[in-house]
Amino acid sequence: MSPNDRYLRIAWGITGAGHYLRESYGVMKELKDRGHSITTFLSRAGEEVSKMYGLFDSLNEISDGSYLNEIYLDSNQGSSFPKIGRFNVGRYDLFILTPATSNTVAKIVFGIADTLVTNCAAQAMKSGVPTYVVPVDWDSDVTSEMPYTIDRSKCLSCEDCPPGDSCPNEAITDQIDLLRCKGCGSCVELCRNGAISGGEAVPLKIRKVDSRNTKMLSEMESVIIFRRPKEILSKIE
Ligand SMILES: Cc1cc2nc3c(=O)[nH]c(=O)nc-3n(C[C@H](O)[C@H](O)[C@H](O)COP(=O)(O)O)c2cc1C
């Protein structure tokens, strides 16, 4: 079955990259709205980082929990990932992995399959399921979006701290605990000193090892790599 024949049963892997994370969620939603079904598989870091950027809860609009529309978390899939057997018995037409961290790309190209998402990739390839990947690290430096942070030069350590007092996740003390933060952003307006912000653009260098791994990934059987999540939309069209 080619990915163009009908509504697709898509398995979607999300790893812990801030880069292209928002765009990946946008593309997932678009494909869902076009009628495709999407099972979401999150690495542990993918779950954490999705929460930091305030995206995690929106997954329920994409994968509503019905059959082949579930959300699977690395943290509750054991070490043998039984659900991944679905690739071997033809339940999925396509595996999409975006964003793919440099860590996950490295594991895939060296045949390591010890996380939920790298195991999806391994079983998709072993079962001939087409695999579309957006590696975040290619050949040129990237600008990445940061989660919420406190600007130390603006924070006056007020005795009463409205952001800290009101944070629904108790994530703010003198710092932001990003493992508690759900990225709602309500703290930004509450800080009298304008010390909290999110989405700061930070330039990052691409390591040669990551570029090499991305090239190796592009040469793997049944894998197509894309520069940006949005390019997948026209491929499936
Ligand atoms: C806010 C945040 C953003 C991150 N963004 C990236 C990224 O853009 N690319 C990347 O390779 N790793 C990024 N990381 C680091 C990965 O999450 C980390 O390497 C993790 O171990 C990857 O695990 P995974 O590949 O199983 O998802 C980020 C971490 C945090 C906390």
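Above this text sits the structure in question.
The following paragraphs examine the structure supplied in this document. Note that the structure is a prediction, hence the values are computed from the model and not measured.

### A short note on the packing of aromatic side chains
What the rule picks out here adds up to 6 aromatic pairs. Ring centres of Phe41 and Tyr92 lie 6.2 Å apart, and the angle between their planes is 85 degrees; on these two criteria the pair is classed as edge-to-face. With Phe41 in strand 2 (residues 37-42) and Tyr92 in the loop between helix 3 (85-88) and strand 4 (94-100), the pair connects residues that are 51 residues apart, well separated along the chain. Connected via pairs of aromatic rings, a cluster forms that spans Phe41, Tyr72, Phe87, Tyr92 and Phe95. The ring of Phe56 carries the charged tip of Lys51 above its face, separated from the ring centre by 4.8 Å.

### A word on empty space enclosed by the protein
One pass over the structure, following the stated rule, counts 2 cavities of 30 Å³ or more. By volume, the largest cavity is sized at about 120 Å³. Mapped by element, the contributors of at least two residues to the lining of the largest cavity are helix 6 (162-166) and helix 7 (186-190). If one sorts the elements of the lining of the largest cavity by residue count, helix 7 sits on top with 3 residues.

Parameters and conventions
- Residues numbered from 1 in each chain as written.
- Predicted model: local features only at pLDDT ≥ 70, side-chain atom pairs only at ≥ 80, totals over all residues.
- Heavy atoms only, no water.
- Phe/Tyr/Trp six-rings, centres within 6.5 Å; stacked < 30°, edge-to-face > 60°.
- Helix = DSSP H or I, 4+ residues; strand = E, 2+ residues; numbered from the N terminus.
- Lys NZ or Arg CZ within 6 Å of the ring centre and 35° of its normal.
- 1 Å grid on protein atoms, 1.4 Å probe; cavity = no way out; pocket = protein on both sides within 12 Å on 5 of 7 lines; lining within 4 Å.
- Points joined across faces, edges and corners; volume = space filled by probe spheres on them.

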